[in-house]
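A look at the structure
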Amino acid sequence: MAAFTRLLKPSSSTSSLLFKRSLSATSSSAVASDIPNFSDPKPSRNFQWVFLGCPGVGKGTYASRLSNLLGVPHIATGDLVREELASSGALSRQLAEIVNQGKLVSDEIIFNLLSKRLEAGESKGESGFILDGFPRTLRQAEILDEVTEIDLVVNLKLREDVLVEKCLGRRICSQCGKGFNVASINAKPENGRPGMSMAPLLPPQHCASKLITRADDTELVVKERLRVYYEMSQPVEGFYKSQGKLMEFDLPGGIPESWPKLLEALNLDETEVKQSAVA
Ligand code: AMP
């Protein structure tokens, strides 16, 4: 825990101007509600953002796009867990049993993996982060809160039937690690909810023969992961809501519809951010 405390300290900012811009204005987006009032941001360091949302909602996709855009690392604790699983240590066997049942790994193991990742990043000069899949319990959120200040929490939302379909269609290239989705989603309007279409995100030819499915992306395990999310992780949304840091974002569809809307909700202009990065 000491390592975690030491590592999560604020660092100096390279994107403070953008940070101020992105957080100081309120959103005009119709899909983002409860956007916090960021009238008095204190950008003394780089972005420290958190992405929340159910399994399969697209946290990894959007966090990774924003990480490329803003030049801060995207740190997904699920990836850290999978890296550990791929090793042959004793911890790996212990983790496989938990992860493949859709349960959460202990907070201690997660803090340990995250500390190591932050330490490695710090030694390479990284600052700021977009956390994905962490915090996932109230205790994780409280400890994170004790050690550093989170600026913004984006809560991605999608209908549950679409979440399940998306998880079942998820594929990873075993060679390059890129993620794809073979599901072609056409959810009908239901109970006042609008219909939704999402085109598959197909791999290029050189990845097509190397696709693998995550062991925890079976229907049974996905449903258990959703149950665990509602029980253990949903309270984290309330934790950040009470701090005025939660931005709810209902995904309107696939990446082509959702990405521009998300940027708009965050008050980020892709072209401006890219220009300022090269300036
Ligand atoms: P994800 O890729 O985020 O769905 O994570 C895959 C699995 O890793 C989860 O189902 C958990 O077993 C484990 N995991 C990832 N992040 C956490 C966390 N913050 N706390 C506990 N377990 C986690």
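These notes cover the structure that comes with them. (Residues numbered from 1 in each chain as written. Predicted model: local features only at pLDDT ≥ 70, side-chain atom pairs only at ≥ 80, totals over all residues. Heavy atoms only, no water.)

**Quick notes on the overall build of the protein**
As a reminder of what qualifies: Strands here mean DSSP runs of E at least two residues long; helices mean DSSP runs of H or I at least four residues long; both are numbered from the N terminus. Each residue gets one of three labels from its accessible area relative to the maximum for its type: buried under 20%, exposed over 50%, partly exposed in between, using a 1.4 Å probe on protein chains only. Whether two residues touch is decided by their heavy atoms; if any such pair falls within 4.5 Å, the residues are in contact. Where accessible areas are quoted, they stem from the Shrake-Rupley method and a 1.4 Å probe; at the residue level, only the protein chains shown are allowed to cover.
A tally of helices and strands in the protein yields twelve helices and eleven strands. A total of 279 residues make up the protein; the buried ones form 47% of that total. Residue pairs in contact within the protein that sit at least 24 positions apart in sequence constitute 76% of those at least 6 positions apart. Carbon and sulfur atoms make up 52% of the accessible area of the protein, which totals about 13,600 Å².

**What about a negative patch on the surface?**
This is how it is decided: Only residues whose relative accessible area exceeds 30% and that take part in no salt bridge are eligible for patches, with like-charged residues grouped when within 9 Å of each other and nonpolar side chains (Val, Leu, Ile, Met, Phe, Trp, Tyr) grouped when within 5 Å. Each reported salt bridge corresponds to a side-chain nitrogen of Lys or Arg within 4 Å of a carboxyl oxygen of Asp or Glu. Only four residue types enter the tally: Lys and Arg on the positive side, Asp and Glu on the negative side, with His and both chain ends excluded. Throughout, a charge is located at the NZ atom of Lys, the CZ atom of Arg, the CG atom of Asp or the CD atom of Glu.
There is a patch of like negative charges on the surface, built from Glu142, Asp145, Glu146 and Glu149. Following the sequence through the fold, glutamate 142 ends up in helix α7 (residues 138-147). Among the residues examined, glutamate 142 registers a relative accessible area of 39% and is labelled partly exposed.

**As for the packing of aromatic side chains**
The condition is simple: Side-chain rings of Phe, Tyr and Trp (the six-membered ring for Trp) are treated as a pair once their centres are within 6.5 Å; stacked means planes under 30 degrees apart, edge-to-face means over 60, and tilted covers the remaining angles. Should the NZ of a Lys or the CZ of an Arg lie within 6 Å of a ring centre and within 35 degrees of the ring normal, that charge is described as sitting over the ring.
Evaluated as defined, the whole model comprises four aromatic pairs. Ring geometry for tyrosine 229 against tyrosine 230: centres 6.2 Å apart, planes inclined by 80°, an arrangement best described as edge-to-face. Its end group placed over the ring of tryptophan 259, arginine 65 keeps NZ or CZ at 5.3 Å from the ring centre.

**Describing the pairing of strand β11 (residues 246-250)**
Stated precisely, the cut-off is as follows: Note on pairing: DSSP must find at least two bridges between two strands before they are called paired.
Most of β11 sits inside the fold, with four of its five residues counted as buried. Bridge count between strand β5 (residues 152-157) and β11: five bridges; the pairing is parallel. Opposite valine 153, over in β11, you have leucine 246 as the bridge partner.

**Points about the site of the ligand**
The test is simple: A molecule or strand has a residue near it when one of that residue's heavy atoms lies within 4 Å. Here a polar contact is recorded for every N or O atom pair within 3.5 Å, except that within protein the pair must consist of a potential hydrogen donor and a potential acceptor, and residues adjacent in sequence are included only if both atoms are side-chain atoms.
If you check the shell around the ligand, you find 16 residues, and the closest are Thr77, Arg82, Lys103, Gly133 and Arg136. Separating a nitrogen atom of the ligand from a backbone N or O atom of valine 105 is a distance of 3.1 Å. Take arginine 214: an N or O atom from its side chain is 3.1 Å from an oxygen atom of the ligand. For the ligand, whose free accessible area comes to 480 Å², the fraction covered by protein is 95%. No other element matches helix α4 (residues 77-86), which puts four residues into the shell around the ligand.

**Thoughts on the side chain of glutamate 224**
Inspection of the secondary structure assignment puts glutamate 224 in helix α10 (residues 219-242). A residue is classified by how much of its surface remains accessible, and glutamate 224, at 17% relative accessible area, is buried.

**Describing the pattern of salt bridges**
Applying the stated criterion across every chain, the model contains 15 salt bridges. Of the charged contacts, one joins aspartate 107 and arginine 139 as a salt bridge, the two residues approaching to 3.1 Å between their closest N and O atoms. Of the two residues, aspartate 107 sits in helix α6 (residues 107-123) while arginine 139 sits in helix α7, which places them 32 residues apart along the sequence. With relative accessibility at 12%, the residue aspartate 107 sits in the buried group. Residues aspartate 217 and arginine 225 are paired through a salt bridge, measuring 2.9 Å at the closest nitrogen-oxygen approach. Just as aspartate 217 is buried, arginine 225 falls in that class too. One connected set of salt bridges, linked through shared partners, spans Arg170, Arg214, Asp216, Asp217 and Arg225.

**A closer look at the packing of helix α3 (residues 59-70) against helix α11 (residues 255-265)**
Relative orientation and spacing of two packed helices are given, respectively, by the angle between their axes and the distance between those axes. Let me state the cut-off plainly: Throughout, an axis means a line fitted to C-alpha atoms (over the contacting stretch in the case of helices), and angles, computed between N-to-C directions, take values from 0 to 180 degrees. The scheme is simple: roughly parallel for angles under 35 degrees, roughly antiparallel for over 145, roughly perpendicular for 65 to 115, oblique for anything else. Should the near helix be turned counterclockwise from the far one by less than a right angle, the crossing is left-handed, whereas a clockwise turn marks it as right-handed. When residues are grouped by polarity, Ala, Val, Leu, Ile, Met, Phe, Trp, Tyr, Cys and Pro land in nonpolar, Asp, Glu, Lys and Arg in charged, and all others, Gly among them, in polar.
In contact at an axis separation of 12 Å, α3 and α11 are set at 55° when each is read in the N-to-C sense. With respect to their mutual orientation, α3 and α11 come out oblique. The element α3 and its partner α11 pack so that their crossing is right-handed. Residue-level contacts link Thr61, Tyr62, Arg65, Leu66 and Leu69 of α3 to Ile255, Ser258, Trp259, Leu262 and Leu263 of α11. The residue makeup of the contact of α3 with α11, split by class, is seven nonpolar, two polar and one charged.

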